[in-house]
Amino acid sequence: MPSKRTTKSTTTKLLQSEQKMRSNASRNNRKRRQKKSANCWEAEVGGWRPDDDLKLMLSIQQTNSIEDTWRAVKFSCSFSESDIRKRWHSLLYNKEVSDASKKAIQELHPSIVADIHLKAPFSEEEESLLKKIRSNSKPSLEVFQKLLAENSEIFLCSRSAKYVMSHWNLLHRFKLLEDQSGKSFRDDFHFSDNEEELMASINVTNNCKPESKQNIKMEVSLKQERLKLYRNNIAQVKRVENEIAKYQLVMDTIVSPNTDFEEGVMAILRGRIVKYLLLSREVTIGRCTSDLKVDIDLSIEGPSMKISRRQGVIHFIDKSFFITNTGKRPIYVNSVPLLKSSTTQLLNNYLLEVAGLKFVFLVNGDAIDKIRADSLKLLI
């Protein structure tokens, strides 16, 4: 026979498990109802936010017009007039949507609610009171504060004197006050009525003395412009003078692409774009910089960042040409690398390659023969 204590514990466990099952079932039913209402809310919302609903309610309360609401209120999305009409209809006649909207509005931050109330459209009664203030009275902030206090049943409780004053300034600007004509200030202007004043001002401008302050300012500005233009021209001339050598090399290549040697030219280092003339017995090749100048600037031919500033030296010794590599990178002579501090002989039509730039070395045989003949005469 089981004891009484055992039977009591089992019944307690059964009751607890039954209560737990009931609570789980009720929780699931609650979640299902919430999900259903949320789905209904999402289906009906269509991009509307709680602040949009609050703006819609306040605006229709103030203007009694959906069209005016569509024109005056700035929502979070660019809703059409039909969208606003449908939303207002849902808020009025769909209880689930209305309840969900009210609940969402209650969860808005107080500062957002206050700002929406402050910027709600003005009703006709509010604007009629503002229009009674005369345009030439120049009212101060205290006037609008007094107006709000005396007509608290007409104005929204969230209206501030500063905001009401700014709205009155808009009415005054567009001539919508009672003592104004209702026309824009541009409509009041006619050229025929003001022709004499305009012509008088033109004559005064034409007859002004050159010693006037305005003319003096114009002369000073003109002098400054001329000085600036002169400096720019001088800088451009100097820049062109520094580049004449480069342009001359390019022009020589374009105008005289043949291999005819000029007088005094011992050899030519010919590239794809430029040809360099060797006029002395020793010529340095490399890349010109602000602090180092070389006889043959290879940067004119193409990209030269990998070329040393002093890449090599071409010598004329014992009736022959030699090249010495003085840079970090090798110089390829007929596809044979010439390393740093190495020297090799250059013959006619030899191919030189420096950091991807290729040149053909052409020897002026007539000039070399003349040099040999002169040297023989000296020996005799």
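To be clear, the structure that these remarks concern was listed above.
Residues numbered from 1 in each chain as written. Predicted model: local features only at pLDDT ≥ 70, side-chain atom pairs only at ≥ 80, totals over all residues. Heavy atoms only, no water.

1. Points about the overall build of the protein chain
Reasoning step 1: In terms of helices and strands, the protein chain carries 13 helices and eleven strands.
Reasoning step 2: Per-residue burial for the protein chain yields a buried fraction of 29% across its 380 residues.
Reasoning step 3: For the protein chain, contacts bridging at least 24 residues in sequence account for 50% of all contacts bridging at least 6.
Reasoning step 4: Within the structure as shown, the protein chain displays about 27,000 Å² of accessible surface, and the carbon and sulfur contribution to it stands at 54%. (Helix = DSSP H or I, 4+ residues; strand = E, 2+ residues; numbered from the N terminus. Buried < 20%, exposed > 50% of the residue type's maximum accessible area, 1.4 Å probe, protein only. Contact = heavy atoms within 4.5 Å. Areas by Shrake-Rupley, 256 points an atom, 1.4 Å probe, with all protein chains shown as cover.)

2. Some remarks on the pairing of strand β5 (residues 310–317)
Reasoning step 1: Counting buried positions along β5 yields six of eight residues, so the element is predominantly enclosed.
Reasoning step 2: Relative to β5, strand β3 (residues 282–286) is paired through five bridges, and the arrangement is antiparallel. Note that in β5 the partner of Gly 286 across the bridge is Arg 310.
Reasoning step 3: One ladder, built from six bridges, connects β5 with strand β6 (residues 320–325); its direction is antiparallel. Along β6, the bridge assignment pairs Ile 314 with Ile 323. (Pairing = 2+ DSSP bridges.)

3. What about the nonpolar core?
Reasoning step 1: Counting residues in hydrophobic clusters, the biggest one holds 28 residues, and the most contacted among them are Leu 278, Phe 321, Ile 323 and Phe 361.
Reasoning step 2: At four residues, the largest contribution of residues to this core is made by strand β11 (residues 357–363).
Reasoning step 3: If we ignore the near neighbours within four places in the chain, the residues touching Leu 278 are Gly 264, Val 265, Met 266, Ala 267, Ile 268, Leu 269, Val 283, Ile 296, Ile 314, Phe 321 and Phe 361.
Reasoning step 4: Among the nonpolar cores identified, the runner-up in size contains 13 residues, and Leu 130, Val 164, Trp 168 and Leu 171 belong to it. (Core = buried A, V, L, I, M, F, W, Y, C linked by side-chain atoms within 4.5 Å.)

4. Focus on the packing of aromatic side chains
Reasoning step 1: For the structure on display, the rule yields eight aromatic pairs.
Reasoning step 2: On the basis of an interplanar angle of 70° and a centroid distance of 5.3 Å, the ring pair of Trp 48 and Phe 75 is categorised as edge-to-face. In this pair, Trp 48 sits in the loop between α1 (4–45) and α2 (50–63) while Phe 75 sits in the loop between α3 (66–72) and α4 (81–93), placing the two residues 27 residues apart along the sequence. Each of the two residues, Trp 48 as well as Phe 75, counts as buried.
Reasoning step 3: Pairing Phe 122 with Tyr 163 gives two aromatic rings, centres 5.9 Å apart and planes at 10°, and the pair type is stacked. Of the two residues, Phe 122 is situated in the loop between α6 (110–118) and α7 (124–131) and Tyr 163 in helix α9 (residues 161–173); the sequence distance between them amounts to 41 residues.
Reasoning step 4: An aromatic cluster is built from Trp 48, Phe 75 and Phe 79, whose rings are joined through pairwise contacts.
Reasoning step 5: Sitting over the face of the ring of Phe 122, Arg 159 holds its NZ or CZ atom 4.0 Å from the ring centroid. (Phe/Tyr/Trp six-rings, centres within 6.5 Å; stacked < 30°, edge-to-face > 60°. Lys NZ or Arg CZ within 6 Å of the ring centre and 35° of its normal.)

5. Things to note about the sheet that holds strand β1 (residues 267–270)
Reasoning step 1: Pairing in this open sheet of six strands is antiparallel, and the strands run β2-β1-β11-β10-β7-β8 from one edge to the other. The open sheet is flanked by β2 (275–278) and β8 (336–338), the only strands paired with a single partner. On average, each strand axis in the sheet is tilted by 25° relative to the strand beside it, whichever way the strands run.
Reasoning step 2: As paired elements, strand β7 (residues 331–333) and β8 share three bridges and run antiparallel to each other. Its bridge partner being in β8, Tyr 332 is matched across the sheet by Pro 337. (Axes fitted to C-alpha atoms, helices over the stretch in contact; angles between N-to-C directions.)

6. Some points on the pattern of salt bridges
Reasoning step 1: Under the counting rule described, the total for this entry stands at eight salt bridges.
Reasoning step 2: With its nearest N and O atoms 3.2 Å apart, the salt bridge here joins Glu 67 to Arg 71. Of this pair, Glu 67 and Arg 71 both sit in helix α3, four residues apart, roughly one helical turn.
Reasoning step 3: Between Arg 159 and Glu 126 there is a salt bridge, with its nearest N and O atoms 3.1 Å apart. Of this pair, Arg 159 sits in the loop between α8 (141–150) and α9 while Glu 126 sits in helix α7; the two residues are 33 residues apart in sequence, bridging distant segments of the chain. (Salt bridge = Lys/Arg side-chain N within 4 Å of Asp/Glu carboxyl O.)

7. Quick word on the packing of α8 against α9
Reasoning step 1: At a minimum axis distance of 9 Å, the contact between α8 and α9 shows a crossing angle of 110°. Comparing their axes, α9 and α8 come out roughly perpendicular. Taken together, the residues of α9 that come into contact with α8 (itself represented by Leu 141, Phe 144, Gln 145 and Leu 148) are Ala 161, Lys 162, Val 164, Met 165 and Trp 168.
Reasoning step 2: Residues of the contact of α8 with α9, tallied by class, amount to seven nonpolar, one polar and one charged. (Parallel < 35°, antiparallel > 145°, perpendicular 65-115°, else oblique. Nonpolar A, V, L, I, M, F, W, Y, C, P; charged D, E, K, R; others polar.)

8. Structural notes on the environment of Ile 323
Reasoning step 1: If you trace the backbone, Ile 323 turns up in strand β6.
Reasoning step 2: Judged by relative accessible area, Ile 323 falls into the buried class, the value being 0%.
Reasoning step 3: Sequence-distant contacts of Ile 323, that is, excluding residues within four places in its chain, are made with Ile 285, Val 313, Ile 314, Ile 331, Val 333, Leu 338, Ser 342, Thr 343, Thr 344, Leu 346 and Leu 352.

9. Side note on the side chain of Ser 320
Reasoning step 1: With respect to the secondary-structure elements, Ser 320 resides in strand β6.
Reasoning step 2: Here Gln 345 takes part through its side chain, which lies 3.5 Å from a polar atom of the side chain of Ser 320.
Reasoning step 3: Ser 320 has contacts with His 315 and Gln 345, leaving out every residue within four places of it along the chain. (Polar contact = N/O pair within 3.5 Å; in protein donor to acceptor, adjacent residues only side chain to side chain.)

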